[in-house]
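Take a look at the letters that make up each chain.
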Amino acid sequence: MALFTNQAQLSYNNSVVASNIAVGEILEVLSVTKTALSTSYSRDDTVTYVISLVNSGTLPVTGLTVTDDLGTYTSGGLTLTPLTYVNGSVRYFVDGVLQPAPAVTSGNSLSFANITVPAGGNTIIIYEAEINSFAPLVAGSTIVNAVTAEGGGITPITATETVTAAVSPFLTITKAISPVPVTENGTLTYTFTIANYGNTPVLVTDDAIVTDTFNPILTNVTASFNGTTWVEGTNYTYDETTGLFATLPGQITVPAASYTQDPVTGNWITTPGTATLVVTGTV
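Read on for a plain summary of the structure. Keep in mind the model is a prediction, meaning the values are calculated, not measured.

Before going further, it helps to spend a moment on the overall build of the protein chain. Scanning the protein chain from terminus to terminus reveals zero helices and 26 strands. Computed over C-alpha atoms, the radius of gyration of the protein chain comes to 30 Å, more than 25% over the 19 Å expected from 2.2 N^0.38 for 283 residues, which places it beyond the range of a compact globule. With the principal axes as the frame, the protein chain shows a C-alpha extent of 115 × 45 × 35 Å. The proportion of buried residues among the 283 residues of the protein chain is 37%. Long-range pairs, those at least 24 residues apart, make up 65% of the contacts in the protein chain between residues at least 6 apart in sequence.

Below you can see the structure in the form of structure tokens.
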């Protein structure tokens, strides 16, 4: 419901008389909500958004343009957009029936053209957006984005949705072999580098485990973690008949990543926390 006021003037014999202020109201028949199917996001995530338009009036609303700002925010004098529309991901439903995809314009914002909401009915627009390098990943960070529906003879209406950076580790592991080539009965070293791109560390209570089945099978295996020699049976197990190597729970720890924002481009730069496991044996 939107209130409006109006006042008239009467002029006569160089005099002006004002009328009373008349107050009216416009009953808004269209409402909009926006929902993210996930309340949190991480590096490289894709977020699914649902826009719901409901028409409580007796006439259809046609020719709407629905625009999403993709979470655009300002930082250090820069205007940054942390979400990127996934091309072709839009689904457009009118009263629950899938319709041909609307015309889409995407960039620093996202617009859907010629949207219709039937009388006494609803329209739903579903689409996906990727987390990009302008999205902050520090614990407590958020992406707040707004959707606005306008045109079709209505007063523009807006809804917002907030997703929060997930508070969790985000691990990758790489494996290197040295030397290449290795001679028969020679010494072979596997180096595992574990990188944490998340905003919280991996602790002993997280029970991270590295397993690997060595082929060819190694003998006389030794292991170290971050330069500290490990003891078989205390820190890891190894089966010389199968080549199966496994760290024991509570042995792997990895510090959290650190994040800095480039003052020129606005990109968030992630420096992962790392840990190194080295396993050596005889081929």
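After that view, the rundown keeps rolling.
Let us now look at the sheet that holds strand β12 (residues 104-106). Here we have six strands laid out as an open sheet, ordered β4-β16-β15-β6-β13-β12, and mixed in their pairing. Single-partner strands in this sheet number two, and they are β4 (40-41) and β12. As paired elements, strand β15 (residues 142-151) and strand β16 (residues 154-165) share nine bridges and run antiparallel to each other. Residue pairing for β16: Ile 143 is matched across the bridge by Val 163.

A cluster of nonpolar side chains, contributed by Leu 10, Tyr 12 and Val 17, occupies part of the molecular surface with about 290 Å² of accessible area. Positionally, Val 17 belongs in strand β2 (residues 15-26). Of the residues examined, Val 17 reaches a relative accessible area of 38% and is grouped as partly exposed.

The next thing to look at is the nonpolar core. In terms of nonpolar packing, the biggest core is built from 37 residues, with Tyr 41, Leu 53, Val 66, Ile 125 and Tyr 127 touching the most fellow members. Per-element accounting of this core gives the leading share, five residues, to β16. Contact partners of Tyr 127, with chain neighbours within four places excluded, come to Lys 34, Val 47, Thr 48, Tyr 49, Ile 51, Asp 68, Tyr 85, Ser 89, Val 90, Leu 110 and Phe 112. Counting 21 residues, the second largest nonpolar core, distinct from the first, contains Tyr 190, Ala 223, Tyr 236 and Val 254.

A few words now on the environment of Glu 184. In this fold, Glu 184 is placed in the loop between β17 (171-178) and β18 (187-196). For the pair Glu 184 and Thr 282, spaced 98 residues apart in the sequence, the C-alpha separation amounts to 8.6 Å.

Because side chains alternate across strand β22 (residues 236-239), one face comprises the buried residues Tyr 236 and Tyr 238, and the other comprises Thr 237 and Asp 239, none of which is buried. Two strands pair when backbone bridges link them, and β22 and strand β23 (residues 244-247) are joined in this way by four bridges, in the antiparallel orientation. What sits directly across from Tyr 238, in β23, is Phe 245. In textbook terms, the turn of a hairpin is the stretch between consecutive antiparallel strands, and for β22 and β23 this stretch comprises four residues, one of which, Gly 243, has a positive phi near 80 degrees.

Here the focus is the side chain of Ser 224. By secondary structure assignment, the location of Ser 224 is in strand β20 (residues 219-225). The residues touching Ser 224, leaving out its near neighbours within four places in the chain, are Thr 229, Trp 230, Thr 276, Leu 277 and Val 278.

What follows is about empty space enclosed by the protein. What the rule picks out here adds up to one cavity of 30 Å³ or more. Considering the residues around the largest cavity, the lining is formed by Tyr 41, Ser 42, Arg 43, Leu 137, Ala 165, Ala 166, Ser 168, Phe 170, Tyr 197, Gly 198, Asn 199 and Tyr 259. Taken together, the residues of the lining of the largest cavity break down into seven nonpolar, four polar and one charged.

Between Ser 178 and Pro 179 the backbone carries a cis peptide bond, its omega angle lying at -5 degrees. Within the fold, Pro 179 resides in the loop between β17 and β18. Each neighbour pair has its own omega, and for Val 180 with Pro 181 the value is 0 degrees, a cis peptide bond. Within the fold, Pro 181 resides in the loop between β17 and β18. Even without being glycine, Asp 44 reaches a positive phi, approximately 65 degrees. Residue position: Asp 44 is located in the loop between β4 and β5 (46-55). Non-glycine residue Asn 114 carries a positive phi angle of around 55 degrees. Checked against the element boundaries, Asn 114 lands in strand β13 (residues 110-117). The exposure class of Asn 114 is exposed, given its relative accessible area of 60%.

What counts, and at which threshold
Residues numbered from 1 in each chain as written. Predicted model: local features only at pLDDT ≥ 70, side-chain atom pairs only at ≥ 80, totals over all residues. Heavy atoms only, no water. Helix = DSSP H or I, 4+ residues; strand = E, 2+ residues; numbered from the N terminus. Rg over C-alpha atoms; globule rule 2.2 N^0.38 Å. Buried < 20%, exposed > 50% of the residue type's maximum accessible area, 1.4 Å probe, protein only. Contact = heavy atoms within 4.5 Å. Pairing = 2+ DSSP bridges. Patch = residues over 30% accessible without salt bridge, like charges linked within 9 Å, V, L, I, M, F, W, Y side chains within 5 Å. Areas by Shrake-Rupley, 256 points an atom, 1.4 Å probe, with all protein chains shown as cover. Salt bridge = Lys/Arg side-chain N within 4 Å of Asp/Glu carboxyl O. Core = buried A, V, L, I, M, F, W, Y, C linked by side-chain atoms within 4.5 Å. 1 Å grid on protein atoms, 1.4 Å probe; cavity = no way out; pocket = protein on both sides within 12 Å on 5 of 7 lines; lining within 4 Å. Points joined across faces, edges and corners; volume = space filled by probe spheres on them. Nonpolar A, V, L, I, M, F, W, Y, C, P; charged D, E, K, R; others polar.

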